Amino acid sequence: MSVMSDNQKKTIFSGVQPSGKLTLGNYLGAIKNFPLLQEEYNCIYCVVDMHAITVRQDPAALRRQTLEVLAQYIACGLDPEKSVLFIQSHVPAHAELGWVLNCYTMFGEASRMTQFKDKSAKHADNVNVGLFDYPVLMAADILLYQTDMVPVGVDQLQHIELARNIAQRFNGVYSDTFVMPEPYIPKTGAKIMSLADPTRKMSKSDENANGFVLLMDKPEDIMRKFKRAVTDSDSRIIVSEDKPGVSNLISIYALATGKTIEQVQEEFQGKGYGDFKPAVGEAVVELLRPIREKTEDLLKNKDYLEQVYREGAQKAGYLARKTLDKVYRKVGFVKR
Ligand code: AQP
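Structure report, in brief. Small disclaimer: the values here were computed from a predicted structure and weren't measured.

Criteria and thresholds
Residues numbered from 1 in each chain as written. Predicted model: local features only at pLDDT ≥ 70, side-chain atom pairs only at ≥ 80, totals over all residues. Heavy atoms only, no water. Core = buried A, V, L, I, M, F, W, Y, C linked by side-chain atoms within 4.5 Å. Buried < 20%, exposed > 50% of the residue type's maximum accessible area, 1.4 Å probe, protein only. Helix = DSSP H or I, 4+ residues; strand = E, 2+ residues; numbered from the N terminus. Contact = heavy atoms within 4.5 Å. Polar contact = N/O pair within 3.5 Å; in protein donor to acceptor, adjacent residues only side chain to side chain. Near = heavy atom within 4 Å. Areas by Shrake-Rupley, 256 points an atom, 1.4 Å probe, with all protein chains shown as cover. Phe/Tyr/Trp six-rings, centres within 6.5 Å; stacked < 30°, edge-to-face > 60°. Axes fitted to C-alpha atoms, helices over the stretch in contact; angles between N-to-C directions. Parallel < 35°, antiparallel > 145°, perpendicular 65-115°, else oblique. Left-handed = near helix turned anticlockwise from the far one by under 90°. Nonpolar A, V, L, I, M, F, W, Y, C, P; charged D, E, K, R; others polar. Lys, Arg positive; Asp, Glu negative; His and termini not counted. Salt bridge = Lys/Arg side-chain N within 4 Å of Asp/Glu carboxyl O.

**Some points on the nonpolar core**
Of all hydrophobic cores here, the largest spans 64 residues; its most connected members are Leu24, Tyr73, Phe226 and Val284. Ranked by residue count, the leading element in this core is helix 13 (residues 273-300), at 12 residues. Beyond its immediate sequence surroundings of up to four residues, Tyr73 is in contact with Ser14, Gly15, Val16, Ile31, Phe34, Tyr45, Cys46, Val47, Leu78 and Leu85. Counting residues in each nonpolar core, the second largest holds 42 residues, with Val55, Phe86, Tyr104 and Ala163 among its members.

Below you can see the structure in the form of structure tokens.
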């Protein structure tokens with residue numbers, strides 16, 4: 001297996017929460033880039049179920065969504081023979097390193113995380129310690145695999161910065177232990193906005209289902225959501241700061257068709273929303289169709305998914321243990 005033997009290659013790690021059904025934002029901001037990198041790097045991709053329980057989840061739905069995210073990783077082009085695919089709670093080293101790193105994270109720096117502020121406002125009845133500690137567990141996820149690069153949407157940049165600070169602090173106290181991870185953020189699509197409110201990011205936990213497009217949405221639902229998408233008062237189809245709705249749709253169309261922003265603006269010059277919105281919808285329908293169909297097939301084959309996540313956890317567990325042993329030795333724990 002390349003990840004265990006190929007020390008020449010750099011390592012990539014990323015994860016997605018099974019906290020709902022995946023959106024077009026998750027895909028364009030992060031998952032779309034995962035398979036592009038699997039030839040050149042040692043790639044490790046995780047379904048981060050432990051992160052998901054920082055917000056209350058329905059247990060049966062969480063189990064189902066966890067398998068669905070795994071199936072979608074594969075449907076989006078990740079090959080379990082080339083990349084390590086696993087479920088976070090199956091590799092206990094994540095929680096173990098998370099605890100150690102808690103002791104190298106300052107309360108003040110964790111308090112500055114905007115995701116914590118946003119999510120605690122959204123879930124005011126359940127501002128639990130896990131929600132606060134989320135970025136430290138994320139630092140453990142990344143640092144355990146001596147990760148060089150983390151492909152994520154721009155909303156995760158602050159957490160990666162924190163992981164770097166924690167790594168630097170630990171390395172400074174004990175000598176080099178962790179590789180310093182770099183974020184890998186796409187130029188277009190780093191932040192796909194809600195179709196219902198283009199000033200907010202598209203999010204799978206949005207209460208307004210018209211705001212997001214799911215990878216598993218049926219073509220007619222995708223078309224309806226794009227036709228209803230909030231746009232701006234004048235009807236020109238150009239990217240502009242004062243036209244967040246149209247700018248978002250242009251990014252989505254460019255990413256779905258492989259065209260540049262300039263090409264899209266040219267294509268729709270002199271045309272109105274009546275042409276543009278259905279065109280975006282159709283492009284997204286075609287982009288997502290093969291992913292949805294492949295995911296549906298994979299979900300019928302639970303034995304195969306089980307084999308993938310079991311083997312993945314074994315490979316990930318082996319790599320994670322090596323880092324954890326080093327950390328335990330450095331902080332002064334007695335060898336087992
Ligand atoms: N709207 C977005 N645009 C671009 N990238 C996005 N990502 C999420 N939303 C967008 C990226 O998707 C990856 C997986 O995200 P996650 O599941 O770990 O959590 P999240 O960022 O909190 O995503 P959601 O959809 O908003 O989840 P909930 O609603 O549960 O909080 C990450 O790389 C993220 O950057």
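Don't stop here, the text continues.
**Focus on the environment of His51**
Inspection of the secondary structure assignment puts His51 in helix 3 (residues 49-52). For the pair His51 and Ile261, spaced 210 residues apart in the sequence, the C-alpha separation amounts to 35 Å. Those residues within four positions of His51 in sequence are excluded, and the remaining contacts are Gln17, Gln88, Tyr134, Leu137, Met138 and Asp141. Within the local environment of His51, its side chain forms a polar contact with the side chain of Gln88, the two groups lying 3.4 Å apart.

**Points about the environment of Gly312**
If you trace the backbone, Gly312 turns up in helix 14 (residues 302-331). Among the residues examined, Gly312 registers a relative accessible area of 3% and is labelled buried. Linking Gly312 and Ala229, residues 83 residues apart in sequence, is a C-alpha distance of 39 Å. Among all residues touching Gly312, those that are not within four sequence positions of it are Val84, Leu85 and Phe86.

**Some remarks on the site of the ligand**
In the vicinity of the ligand lie 21 residues, with Asp155, Ile192, Ser203, Lys204 and Ser205 positioned nearest. The separation between a nitrogen atom of the ligand and a polar main-chain atom of Met202 is 2.9 Å. A distance of 2.5 Å separates an oxygen atom of the ligand from a polar atom in the side chain of Ser205. When the ligand is considered free in solution it has 640 Å² of accessible area, and contact with the protein chains removes 97% of it.

**What about the packing of aromatic side chains?**
Scanning the model with the defined rule gives 15 aromatic pairs in all. Seen from their ring centres, Tyr104 and Phe170 are 5.0 Å apart, and the 65° between their planes marks the pair as edge-to-face. With a gap of 66 residues between them, Tyr104 in the loop between helix 5 (93-102) and helix 6 (107-111) and Phe170 in helix 9 (residues 157-174) connect regions that are remote in the sequence. Comparing Tyr104 with Phe170 shows no difference in burial state: the two are buried. Ring geometry for Tyr253 against Phe276: centres 6.3 Å apart, planes inclined by 70°, an arrangement best described as edge-to-face. Of this pair, Tyr253 sits in helix 11 (residues 244-257) while Phe276 sits in helix 13, placing them 23 residues apart in sequence. For the pair Tyr253 and Phe276, one class covers both residues: buried. Here the aromatic residues Tyr104, Phe170, Tyr174 and Phe178 are joined through ring pairs into a cluster of three or more.

**Quick look at the packing of helix 10 (residues 219-228) against helix 13**
Remark: helix 10 packs on helix 13, axes separated minimally by 9 Å, with the N-to-C direction vectors making an angle of 150°. Comparing their axes, helix 13 and helix 10 come out roughly antiparallel. The handedness of the crossing between helix 10 and helix 13 comes out as right-handed. Counted together, Pro219, Ile222, Met223, Phe226, Lys227 and Arg228 of helix 10 and Lys277, Pro278, Val280, Gly281, Glu282, Val284, Val285, Leu288, Arg289 and Arg292 of helix 13 form the full contact between these two elements. Looking at the contact of helix 10 with helix 13 residue by residue, the class counts come to 9 nonpolar, 1 polar and 6 charged.

**Looking at the side chain of Lys277**
Relative to the helices and strands, Lys277 is located in helix 13. Buried charge without a salt bridge: Lys277, with Asp232 as the nearest opposite-charge side chain at an N-O distance of 9.1 Å.

**Considering the environment of Pro290**
Among the secondary structure elements, Pro290 is positioned in helix 13. On the accessibility criterion, Pro290 (48% relative accessible area) is partly exposed. With 23 residues separating them along the chain, Pro290 and Ala313 place their C-alpha atoms 27 Å apart.

**Notes on the packing of helix 4 (residues 59-75) against helix 14**
Relative to each other, helix 4 and helix 14 sit at 85°, their axes nearing to 11 Å. Overall, the two elements helix 4 and helix 14 adopt an arrangement that is roughly perpendicular. Residues Leu67, Leu70, Ala71 and Ile74 of helix 4 pack against Lys302, Tyr304, Leu305, Val308 and Tyr309 of helix 14. Per-class residue counts for the contact of helix 4 with helix 14 are 8 nonpolar, no polar and 1 charged.

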